[in-house]
Amino acid sequence: MTARLRALMGTWTSTVPALAVILLVLTWERSLPGWGIGLLILVLAGSVLAAVHHAEVVAHRVGEPFGSLILAVAVTVIEVALIVTLMLDGGDKSATLARDTVFAAAMITVNGIVGLSLLVGSLRHKVAIFNPEGSGAALATVATLATLCLVLPTFTTSKPGPEYSPGQLIFAATASLVLYGLFVATQTVRHRSYFLPLTRQGEVINAETDIEKPTTRAALTSLALLCMALVGVVGLAKGVSPAIESGIESAGMSHSVVGVLIALLILLPETIAAVRAARRDRVQISLNLGLGSAMASIGLTIPTVAIASIWLPGPLILGLGSTHMVLLALTVGVGILTVVPGRATPLQGGVHLVLLAAYLELAVNP
């Protein structure tokens, strides 16, 4: 039975990414009827599940924290491509798309992925255990990147409105890349043990002895299929985005909701992977995924968009409004109190999820 289940899993997780890419080629830049949109959404959901499967295979092969890093970077690279593509096609409405999507990604990861993982891990194992040194370093980097790229543009005076001047934008982009590079070096080389899961006694788990390690060939195949699945997720998300935008406009909601929905779709694979890790009592892996994704989303998206702004027709608005700045400050403060003890109960997970719910509510009803 197990062999049949594995064979079935291997078949559909290999077929769906290829099907997603084929549909992407056939439907690119074409208007679709209702049944076509429904088909894209169905294949998109299958691609998300396939991406999670292949990400876990790669993670088991390379070990932590490299597995979490690969998934976070892969998703972010595709996210950046989608943002730039939509900004090129979106006209004046796209001036705030990068800001809205990056901030949505930060709130979804820091409050959604982290909160859900803490809730699942603590409910299943009474208390969620993780390393405060690694998680604290990741949260500090996320807070700094968010402040440099999303908060300070609101208060600068070189240009009117919440925009950076060209020199300021270059500095923010360079600082983002430097901080992200330093974090990756810290996570993977100098202090790798800070980002490994812990036992109930606080000992570092260097390897998953209870999981059979895939072969190098299987891992490389899964890496290729992971990239294919992520391309399918983002490409199909762009295909259904006109229908989403029309629905948002018909409902009278703010255009910023488009950025929220993009972030929700793109981060779905990481959310599922993080919850699975939390169920296995590997909450540190969940935090690596959540905080690492927030960091990659800001640290890689802003420099890329800064370069793309040379060719983009409209302005690049990065500064947050007062409501979002309050939510960001509260998120950082709560996050500090969550990671410092290195242990969490369902209460901490619930607090983060309430913050995410508040953000979503205010996005729909500003």
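Residues numbered from 1 in each chain as written. Predicted model: local features only at pLDDT ≥ 70, side-chain atom pairs only at ≥ 80, totals over all residues. Heavy atoms only, no water.

1. Considerations on the environment of Ala 55
- Topologically, Ala 55 is positioned in helix α2 (residues 34–62).
- When the C-alpha atoms of Ala 55 and Leu 226 are compared, they prove to be 6.4 Å apart, with 171 residues separating the residues in sequence. (Helix = DSSP H or I, 4+ residues; strand = E, 2+ residues; numbered from the N terminus.)

2. Observations concerning the confidence of the model for the protein chain
- Across the protein chain, the average pLDDT comes to 82, with 89% of residues at 70 or higher.
- Looking across the protein chain, the model is least confident in helix α3 (residues 66–90), with a mean pLDDT of 70, and most confident in helix α11 (residues 322–339), with 95.
- Between residues 1–9, whose pLDDT stays under 50, and residues either more than four places distant or in other chains, the model counts 2 contacts. (pLDDT = per-residue confidence, 0-100. Contact = heavy atoms within 4.5 Å.)

3. Let's talk about the nonpolar core
- Met 87, Leu 118, Ile 298 and Tyr 359 are the most contacted members of the largest nonpolar core, which totals 77 residues.
- Setting aside residues up to four positions removed in sequence, Ile 298 forms contacts with Val 102, Ala 106, Val 142, Leu 145, Ala 146, Cys 149 and Pro 303.
- In this structure, Leu 40, Val 43, Leu 44 and Leu 236 belong to the second largest nonpolar core, which totals 12 residues. (Core = buried A, V, L, I, M, F, W, Y, C linked by side-chain atoms within 4.5 Å. Buried < 20%, exposed > 50% of the residue type's maximum accessible area, 1.4 Å probe, protein only.)

4. Considering the packing of helix α4 (residues 97–125) against helix α10 (residues 283–308)
- Taken N-terminus to C-terminus, the directions of α4 and α10 make an angle of 175 degrees; their axes are 8 Å apart at the nearest point. By the angle class used here, α4 and α10 are roughly antiparallel. Between α4, through Ala 98, Val 102, Ala 105, Ala 106, Thr 109, Val 110, Ile 113, Val 114, Ser 117, Leu 118 and Gly 121, and α10, the contact on the second element is made entirely by Val 283, Ser 286, Leu 287, Gly 290, Leu 291, Ser 293, Ala 294, Ser 297, Ile 298, Thr 301, Ile 302 and Val 305.
- Taken together, the residues that form the contact of α4 with α10 break down as 15 nonpolar, 8 polar and no charged. (Axes fitted to C-alpha atoms, helices over the stretch in contact; angles between N-to-C directions. Parallel < 35°, antiparallel > 145°, perpendicular 65-115°, else oblique. Nonpolar A, V, L, I, M, F, W, Y, C, P; charged D, E, K, R; others polar.)

5. Remarks on helix α9 (residues 268–279)
- Helix length check: α9, at 12 residues, gives a terminal C-alpha distance of 17 Å against a target of 16 Å (1.5 Å per residue), a fit within 8%.
- Within α9, the full set of buried residues consists of Pro 269, Glu 270, Thr 271, Ala 273, Ala 274, Val 275, Ala 277 and Ala 278.
- In the stretch just after α9, Asp 281 is the one whose phi turns positive, near 65 degrees. (Expected span 1.5 Å × (residues − 1).)

6. Quick look at the packing of aromatic side chains
- In total, this model carries 2 aromatic pairs according to the counting rule given.
- Here Phe 183 and Phe 195 contribute two aromatic rings whose centre-to-centre distance is 5.4 Å and whose plane-to-plane angle is 85 degrees, an arrangement assigned as edge-to-face. Note that Phe 183 is positioned in helix α6 (residues 166–190) and Phe 195 in the loop between α6 and α7 (216–250), a separation of 12 residues in sequence. Like Phe 195, Phe 183 is buried. (Phe/Tyr/Trp six-rings, centres within 6.5 Å; stacked < 30°, edge-to-face > 60°.)

7. Some remarks on the pattern of salt bridges
- What the rule picks out here adds up to 2 salt bridges.
- One salt bridge in this structure joins Asp 100 and Arg 99, with 3.2 Å as the shortest N-O distance.
- Since its relative accessible area comes to 16%, Arg 99 is described here as buried. (Salt bridge = Lys/Arg side-chain N within 4 Å of Asp/Glu carboxyl O.)

8. Topic: helix α12 (residues 346–364)
- In a regular helix each residue adds 1.5 Å, so 19 residues correspond to 27 Å; α12 covers 27 Å between its end C-alpha atoms and thus fits that length.
- Taken together, the buried positions of α12 are Gln 348, Gly 349, His 352, Leu 355, Leu 356, Tyr 359 and Ala 363. Projection of α12 onto a plane perpendicular to its axis shows the buried side chains occupying an angular sector of 125 degrees, all on one side. Residues of α12 that are exposed and angled more than 90 degrees away from the buried face: Leu 347 and Val 354. (Arc of directions from axis to C-beta.)

9. Some thoughts on unusual backbone geometry
- If you check the backbone angles, Lys 126 has positive phi at about 75 degrees while not being a glycine.
- With respect to the secondary-structure elements, Lys 126 resides in the loop between α4 and β1 (128–129).
- In this structure, Asp 281 is a non-glycine residue whose phi angle is positive, near 65 degrees.
- Among the structural elements, Asp 281 can be located in the loop between α9 and α10.
- Asp 281 gets classed as buried once you look at its relative accessible area, which sits at 13%.

10. Regarding the packing of α2 against α9
- Following both chains from N to C, one finds α2 and α9 inclined at 50 degrees, their axes separated by 8 Å at the closest point. Here α9 runs oblique to α2, going by the angle between their axes. Crossing hand, α2 versus α9: right-handed. Two secondary-structure elements touch here, α2 through Val 48, Leu 49, Ala 51, Val 52 and Glu 56 and α9 through Leu 268, Pro 269, Ile 272, Ala 273 and Arg 276.
- Its residues assigned to classes, the contact of α2 with α9 shows 8 nonpolar, no polar and 2 charged. (Left-handed = near helix turned anticlockwise from the far one by under 90°.)

11. With respect to the environment of Leu 337
- Mapping Leu 337 onto the fold places it in helix α11.
- Along the backbone, Leu 337 and Gln 348 are 11 residues apart, and their C-alpha atoms lie at a distance of 8.9 Å.

12. Topic: the environment of Asn 365
- Within the secondary structure, Asn 365 sits in the segment after α12.
- Note: C-alpha distance between Asn 365 and Met 253 (112 residues apart in sequence) is 7.3 Å.

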